[in-house]
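Inside the fold
Listed below, chain by chain, are the residues.
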Amino acid sequence: MSALPRDESPPDASEVDPDIAVRIQEEAIFGRLPLLPQEREYTMRSLLSTGFAYAVATWCFLIGGYSAQYVGAVQGMVTLIAGSVIGVTLSALAAALACNRYGLEQIDFTKSCFGQRGARVILIFYFINQVGWSGIILVMSAHAVTHVFGAAPWLGFSLPWWVVNLVTLIGVAASYAIVVRGVHILNVWNAIVTPGLVAVCGMLFYVIFAHHGWHELLAATPMQPSDNHALNYAISFEFGLGAGFSWWPGIGFLARNTDTQRNSFYPQVLTMGLGMGVICCSGLFAALIFKEGDPSVWMLKVGGLFFGGAALLLILIANISASSIMMYTAGLGMRHVPTFRNMPWTMLLAVAFIPVMAYVLWPEILYQKGQSFLAYNATMYAPISGLLLVDYFWLRGQRLNLSQIFTDDVQGHYWFKAGFNFIALGCLALGYAIYLYLFDPVSNTARGAFQWTTASVPATLVPMVLYYVLAKVLLVRAGQGGYEGMQDPLAIEAFNL
Amino acid sequence: MNTAEFKAAMEAEMRRRLAIMGETRDGDFGRFDGRDWAVVIGLLLALPLLFTWWFAR
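Residues numbered from 1 in each chain as written. Chains lettered and ligands numbered in written order. Predicted model: local features only at pLDDT ≥ 70, side-chain atom pairs only at ≥ 80, totals over all residues. Heavy atoms only, no water.

A look at a nonpolar patch on the surface
Residue and element names in this part refer to chain A.
- A cluster of nonpolar side chains, namely Trp161, Trp162, Leu166, Leu169, Ile170 and Met357, defines an oily patch on the protein surface of about 640 Å² accessible area.
- If you tally residues by element for the nonpolar patch, the top one is helix 7 (residues 163–179), at three residues.
- You can see leucine 166 is positioned in helix 7.
- Given the relative accessible area of 38%, leucine 166 is considered partly exposed. (Patch = residues over 30% accessible without salt bridge, like charges linked within 9 Å, V, L, I, M, F, W, Y side chains within 5 Å. Areas by Shrake-Rupley, 256 points an atom, 1.4 Å probe, with all protein chains shown as cover. Salt bridge = Lys/Arg side-chain N within 4 Å of Asp/Glu carboxyl O. Helix = DSSP H or I, 4+ residues; strand = E, 2+ residues; numbered from the N terminus. Buried < 20%, exposed > 50% of the residue type's maximum accessible area, 1.4 Å probe, protein only.)

Below is the structure:
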């Protein structure tokens, strides 16, 4: 490969057939072509509203409810806010800045660390996470609808069993209709939803404090604490950290569409970190007072049928928003699979939504079993974030060779060995093992030094340090991974598009 | 739409974009400089300290 001569300016898309030019433009927005600065839609304001609508889904209230089992109001507030801000900060740093600078889709960015084929390992976890959580929050929305009707016996009828299936189907259809129209419609949708969400969250805090007061909150005891106070604290902190790290799959999609480096990072920390932490606290407070962790139950207790029902309806709409963003990123991720590379966006999304349809058919089974599976799946994001951080900032000095992302040439910078960076993947497996040794995310059983270190912190730091040393000793010296390669665009014979 | 024609056009478009984005220099999308790192380190250090302080109370 040689450097692309400067005077060999490639032809513009506008010089080709107009149909093809339109399709290519679509490929930039719905595909993997690097986004040019003039094509990016998110400013600070729109990113704040999208990030907030993304962050305020039902899971915030659930996480608060989980913390209420172990800690009281003050301890829960500190651990949830601190944990989610730290988690989002670490997961957003590398992904946001790199995807913003190069207009890259997130899985394409991971190729620089894990290798052209190794990134597909990450893609599997990424796709399962996005599709799985989309289905679960849509089922949660359906449960909320049944609870609202269940709380109004004067209506004179009870809802048939298939209402959960029907409402989930409506949610799936609404998400598809939004995503198929792209980022612009998501922006418009979120501009409508976000003010309503802010109002609902404000009202929730107002009602809790006005009716019960700070003193009652302080006096409220955790629901199922262990005898070990340090362990209770660490578990609640781990919930916050885990919630923060879980945003990793959504970071690049937003950053890629953003105008500046700072705008790609701070709004995500403010919304998915601080914003989510604060909203988690409303779930925490309500669960402490009502001794009930399910938001679709306690919201009706907080606000009554009218206000509580309206709040649940808005949360349901926000769930559709969050589901849309996740399915958008899942669709983009599928572009890495050769079969789907040239498929039109509408059809590609239809394929992506097929697994979500399983939640329409078997909502209860997948809701119960799926959450445990997704909890194990999400533990990968702490070590992934740490490895990308070391690779992008300390080993590459924030510079990628963009052209090398898009070639599967065995001489390419990011080919490593057979397309895999086995050192990074090994460190990732180590981080995953450390996490699961220290903490079982399903049974909340802790072991070893968990109460002093949590699980996410060592699962992030140990792989980071080990990877830095091994990459310096083995990869840089062997000339693998393009760590000391030139940054200029290189002529490529075949793209992996 | 002819698949070969579309593929050729896509490759041409990719080359054009690589030429633009591949030459991105530090600061083209604004800077994430020392002040930003101070904020990041502050978040990563201050929050655990706050957490520890609450725990120690």
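A few points about the environment of leucine 186 of chain A
All names here are of chain A.
- Among the structural elements, leucine 186 can be located in helix 8 (residues 183–219).
- As a C-alpha pair, leucine 186 and glutamate 26 span 160 residues in sequence and 16 Å in three-dimensional space.
- Not counting the four nearest positions on each side in its chain, leucine 186 is found in contact with Ile178, Phe253, Ser321, Ser324 and Ile325. (Contact = heavy atoms within 4.5 Å.)

So, the packing of aromatic side chains
- Tallied over the full model, the rule gives 23 aromatic pairs over all chains.
- For the ring pair tyrosine 42 of chain A and phenylalanine 253 of chain A, a centre distance of 6.4 Å and an interplane angle of 90° mean the geometry is edge-to-face. Of this pair, tyrosine 42 of chain A sits in the loop between helix 1 (18–30) and helix 2 (44–55) while phenylalanine 253 of chain A is found in helix 10 (residues 248–256), placing the two residues 211 residues apart along the sequence. Accessibility classification places tyrosine 42 of chain A together with phenylalanine 253 of chain A in one group, the buried group.
- Centroid distance phenylalanine 32 of chain B to tryptophan 37 of chain B: 5.7 Å. Interplanar angle 85°. Geometry classified as edge-to-face.
- Of the residues examined, phenylalanine 32 of chain B reaches a relative accessible area of 9% and is grouped as buried.
- Grouping aromatic residues by their ring pairs yields a cluster made of Phe109, Phe265, Tyr266, Tyr392 and Phe393 of chain A together with Phe32 and Trp37 of chain B. (Phe/Tyr/Trp six-rings, centres within 6.5 Å; stacked < 30°, edge-to-face > 60°.)

Some words on the nonpolar core
Residues and elements named next belong to chain A.
- Among the nonpolar cores identified, the biggest contains 186 residues, and Phe109, Phe114 and Tyr467 are the most heavily contacted of them.
- With 19 residues, the single largest contributor to this core is helix 12 (residues 295–334).
- Non-local contacts of phenylalanine 114, meaning those with residues more than four positions away in its chain, are made with Ala119, Ile122, Ile384, Leu387, Leu388, Gly419, Phe420, Asn421, Ala424, Leu425 and Leu428. (Core = buried A, V, L, I, M, F, W, Y, C linked by side-chain atoms within 4.5 Å.)

Quick look at the interface of chain B and chain A
- Listed by partner, the interface residues are 39 residues for chain B and 59 residues for chain A.
- With both chains or domains summed, chain B and chain A bury close to 4600 Å², and 73% of this area falls on carbon and sulfur atoms.
- One can count three salt bridges joining chain B with chain A.
- With a closest N to O distance of 2.9 Å, aspartate 36 of chain B and arginine 262 of chain A form a salt bridge.
- Scanning the region where chain B abuts chain A turns up five residue pairs in polar contact (both at pLDDT 80 or more).
- Elements that contribute at least two residues to the side of chain B that touches chain A include exactly helix 1 (3–21) and helix 2 (34–56) of chain B.
- At 14 residues, helix 1 of chain B tops the list of elements feeding residues into the side of chain B that touches chain A.
- For the side of chain B that touches chain A, the residue count by class is 22 nonpolar, three polar and 14 charged. (Buried area = accessible area lost by both parts, 1.4 Å probe. Polar contact = N/O pair within 3.5 Å; in protein donor to acceptor, adjacent residues only side chain to side chain. Nonpolar A, V, L, I, M, F, W, Y, C, P; charged D, E, K, R; others polar.)

Remarks on empty space enclosed by the protein
Residues and elements named next belong to chain A.
- A full pass over the atoms with the stated rule returns four cavities of 30 Å³ or more.
- Roughly 130 Å³ of internal volume is contained in the largest cavity.
- Residue lining of the largest cavity: 16 residues in total, with Thr58, Met140, Ala144, Pro295 and Ser296 positioned closest to the centre.
- Taken together, the elements giving at least two residues each to the lining of the largest cavity come down to helix 3 (58–68), helix 6 (118–150) and helix 12.
- The residue inventory of the lining of the largest cavity, partitioned by class, reads ten nonpolar, five polar and one charged. (1 Å grid on protein atoms, 1.4 Å probe; cavity = no way out; pocket = protein on both sides within 12 Å on 5 of 7 lines; lining within 4 Å. Points joined across faces, edges and corners; volume = space filled by probe spheres on them.)

Focus on the confidence of the model for chain A
- Summing up the model confidence of chain A, the mean pLDDT is 86 and the portion of residues at 70 or higher is 95%.
- Here residues 1–11 of chain A is modelled with pLDDT under 50, and outside its nearest four sequence neighbours on either side it reaches 23 contacts, counting other chains as well. (pLDDT = per-residue confidence, 0-100.)

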